[in-house]
Amino acid sequence: MSIAKTEVEKVARLARLEVEEKRAEKLVDELDSVLEYVGKLDELDTDDVEPTTHPVAAEHTGRDDEVNEGLTVEQVVGHAPDQQDGQFRVPKVVDE
Amino acid sequence: MSRDILKELRAGEISSLEVIDAIIEAAQDDVFNAFVSLVDPSELREQARGADRAREAGEARPLEGWPVAIKDNICTRNLTTTAGSKILEDFESPYEATAVQRLRDAGAIVVGKTNLDEFGMGSSSETSHIGPVRNPADPDRVAGGSSGGSAAALAAELALGALGSDTGGSVRQPASHCGVVGLKPTYGRVSRNGLIAYASSLDQIGPMASTVEGCARLFDAIAGHDDRDATSLAVEPAGPGCADVLSEGVDGMTVGLPEEYLGEASRLDPQVRSRVEAAIEALEEAGAETTSVSLPHTEYAVATYYLIATAEASSNLARYDGVRFGRRAEDADDLAELYKKSRAEGFGDEVKRRIILGTYVLSAGYYEAYYEKAQKVRTLIRRDFESAFEEVDALVAPVAPTPAWTLGEKRDDPLEMYLEDIFTTSANLAGIPAMSVPSGTTDQGLPVGTQLLGPALSEPVLFRLAQKIFEQCNDEASGRG
């Protein structure tokens, strides 16, 4: 399967990645060669095979609903590039 | 420093302070670019003195005074954790990874954070934001990856133990290329709490050391259930730890030789083949029986791996948005632009490539054809191993098709780089343990490792086999012994 440049641009938008024009063209070639290679899986009939989502038999693990000591607000927000009053600060999201 | 340094430490023949001083001096130049950051020398000396006091008082813990290096995608307090990425270049974790905490509790001294491929995405440790790691056996060659800094630090004797992480071979392949021991544990055996996620259903933290015994002692210290990792296994295998079974030998064990890894079709470098064959002979001489087995879906492992790994990566790396931590782009007019610019500036090419591929294979219209297909083939790969382990206790295979290559050689062809993982990705897909054991060197002096794979929770078996290979294939051959 071959990938079009418009698809790369669409996927980049979905992934919130800014991709330059020249880079997008190179990505098309690179992804094409990878997609051609992974197309090899189509040789296998997997109609009756269950997908593996987790490598070992997973059991839901719960814990008692008890309050544990966690990180403080300062510890969590302290790493943000911009912060105020214990909250993350971002550029304006909505129009006035 | 000699390889017996761990024994000498325990016996009190050498002090922790002497060991630390030697490391501080040797690490100053860091000619192999093995470290992203180093702990302040005065702090290291203070901890070493503490270890020496504990030993004198007869209160030494299992890893008392061991200098260990931690891959820089594993969170540590009071040191940056960059994952080799510009987007996290100043990031200081507010908490410590469980595996690191357990090493400290066992007495180990963290000396620094090691260089890696950005977010663990690579097979050569060339994509880090601080530049490539060099192989101590030949500085013009790659150290392997993505835990190349940890492997190089051990080979250059800048640490006696290390942690790496292995998503598709990232502990085993650099261990092979640098001539050290590395284990990818059973999925869930070591807590992933504090490991920066790349592909969560494949990632495992793994111990690395210059010797099999050192690797076993590190594993014994870090393995075990952790409430902070929902995928952590609740089972605790009975019996002694891995370090205590090394001398039990391999007499009576049956070891499988997978045709797909060792046959003509595997395109194995002749010198790699000869070292792996030497390892097989060593096991036979020690009393193990060998038999041929087949893992028919081996040739599909790399394709399956790159679909699943990139899909999971595209989701995991969505958290780097320039808002909560890490680098933020300047001059963004609105929030959408802030995300796009921060991510474009912060991520390197290989990471972007994998995010794009992963987003593509998860997107509407392609999910079934790529992602779900890969999950189904993952089941077939898992079943291959289940059948094989009905017949044999473990498998012997190469780690990588070639020895370490020249820096820059494969950087422009992502697919060629991905194919380097042909022998290692299956273990991650199946969730089984696998390790790399040094098995001598090529004529050019490049290290070659042999891979051992076993069923879930068979780490003690792998360590016993590894010990035999290590004893037989290194003493006379490598000159480092």
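Reference entry: report on the structure contained in this document.

Reading the values: rules and limits
Residues numbered from 1 in each chain as written. Chains lettered and ligands numbered in written order. Predicted model: local features only at pLDDT ≥ 70, side-chain atom pairs only at ≥ 80, totals over all residues. Heavy atoms only, no water. Helix = DSSP H or I, 4+ residues; strand = E, 2+ residues; numbered from the N terminus. Rg over C-alpha atoms; globule rule 2.2 N^0.38 Å. Buried < 20%, exposed > 50% of the residue type's maximum accessible area, 1.4 Å probe, protein only. Contact = heavy atoms within 4.5 Å. Areas by Shrake-Rupley, 256 points an atom, 1.4 Å probe, with all protein chains shown as cover. Salt bridge = Lys/Arg side-chain N within 4 Å of Asp/Glu carboxyl O. Buried area = accessible area lost by both parts, 1.4 Å probe. Patch = residues over 30% accessible without salt bridge, like charges linked within 9 Å, V, L, I, M, F, W, Y side chains within 5 Å. Pairing = 2+ DSSP bridges. Right-handed = clockwise from strand over helix to strand, strands pointing away. Disulfide = S-S within 2.5 Å. Axes fitted to C-alpha atoms, helices over the stretch in contact; angles between N-to-C directions.

**Comments concerning the overall build of chain B**
At step 1: Along chain B, the regular secondary structure elements total 16 helices and 13 strands.
At step 2: Relative to the compact-globule value of 23 Å for 481 residues, chain B shows a C-alpha radius of gyration of 21 Å, a close match.
At step 3: With the C-alpha coordinates of chain B rotated into their principal frame, the extents come out at 65 × 55 × 45 Å.
At step 4: Sorting the 481 residues of chain B into buried and exposed places 65% on the buried side.
At step 5: Sequence-distant contacts in chain B: of pairs separated by 6 or more residues, those separated by 24 or more amount to 74%.
At step 6: Accessible area for chain B stands at about 15,900 Å²; split by element, carbon and sulfur atoms hold 43% of it.

**A look at the pattern of salt bridges**
Residues and elements named next belong to chain B.
At step 1: Taken as a whole and assessed by the stated rule, the structure comprises 32 salt bridges over all chains.
At step 2: Note that Glu89 is salt-bridged to Arg327, the shortest N-O span being 3.2 Å. Taken together, the positions of Glu89 in the loop between β2 (67–71) and α4 (98–105) and Arg327 in the loop between α10 (301–316) and α11 (335–346) put the pair 238 residues apart, joining distant regions of the chain.
At step 3: Residue classification places Arg327 among the partly exposed residues on the basis of a relative accessible area of 27%.
At step 4: Across the salt bridge formed by Glu350 and Arg353, the nearest N and O atoms sit 2.2 Å from each other.

**Remarks on the interface of chain B and chain A**
At step 1: Contact with chain B, which involves 62 residues of that partner, is made by 49 residues of chain A.
At step 2: The junction of chain B with chain A conceals about 5,200 Å² of combined surface from both sides, 68% of it contributed by carbon and sulfur atoms.
At step 3: The tally of links between chain B and chain A comes to four salt bridges.
At step 4: Among the ionic pairs, Asp349 of chain B bridges to Arg23 of chain A, the shortest N-O distance being 3.5 Å.

**Notes on a nonpolar patch on the surface**
All names here are of chain A.
At step 1: Taken together, Leu71, Val76 and Phe88 make up a surface patch of nonpolar side chains, about 230 Å² in accessible area.
At step 2: In this fold, Leu71 is placed in the loop between α2 (21–38) and α3 (73–77).
At step 3: For Leu71, a relative accessible area of 41% corresponds to the partly exposed category.

**A few points about the pairing of β2 of chain B**
Residues and elements named next belong to chain B.
At step 1: Most of β2 sits inside the fold, with five of its five residues counted as buried.
At step 2: Residues Pro67, Ala69 and Lys71 line one face of β2 and the alternating positions Val68 and Ile70 line the opposite face, and both faces are buried.
At step 3: The sheet contact formed by β2 and strand β3 (residues 109–114) spans five bridges and is parallel. Counterpart to Val68 in the pairing with β3 is Val110.
At step 4: You can see the chain leave β2, run along α4 and come back into β3, and the turn it takes is right-handed.

**Thoughts on the state of the cysteines**
Residue and element names in this part refer to chain B.
At step 1: Applying the stated criterion to the full structure yields zero disulfides over all chains.
At step 2: No disulfide involves Cys215; its sulfur sits 9.1 Å from that of Cys242, the nearest cysteine.
At step 3: When its relative accessible area of 4% is taken as the criterion, Cys242 is described as buried.

**Description of the sheet that holds strand β11 (residues 394–398) of chain B**
Residue and element names in this part refer to chain B.
At step 1: In spatial order, the strands read β1-β3-β2-β6-β8-β7-β12-β13-β11-β9-β10; together these 11 strands make up an open sheet with mixed pairing. In the strand order of this sheet, the two ends are held by β1 (35–38) and β10 (289–293), each with one partner. Geometrically, the sheet is characterised by an average inter-axis angle of 30° between neighbouring strands, direction not taken into account.
At step 2: Relative to strand β6 (residues 161–166), β2 runs parallel, the two being bridged by three bridges. For Ala69, the partnering residue across the bridge sits in β6 and is Ala162.
At step 3: Contacts between helix α16 (residues 459–474) and the sheet are confined to β7 (181–184), β9 (254–258), β11, β12 (434–441) and β13 (447–453), with β12 contributing the most and set at about 5° to the helix.

**Examining unusual backbone geometry**
Residue and element names in this part refer to chain B.
At step 1: Ser146 follows Gly145 through a cis peptide bond whose omega is 10°.
At step 2: Its location among the elements puts Ser146 in the loop between β5 (138–142) and α5 (148–155).
At step 3: Here the phi dihedral of Asn33 falls at roughly 55°; this positive angle occurs in a residue that is not glycine.
At step 4: Despite not being glycine, Phe119 shows a phi value in the positive range, around 55°.
At step 5: Here Phe119 shows up in the loop between β3 and β4 (134–135).
At step 6: The exposure class of Phe119 is buried, given its relative accessible area of 2%.

Purely spatial values, then, with no claim about function.
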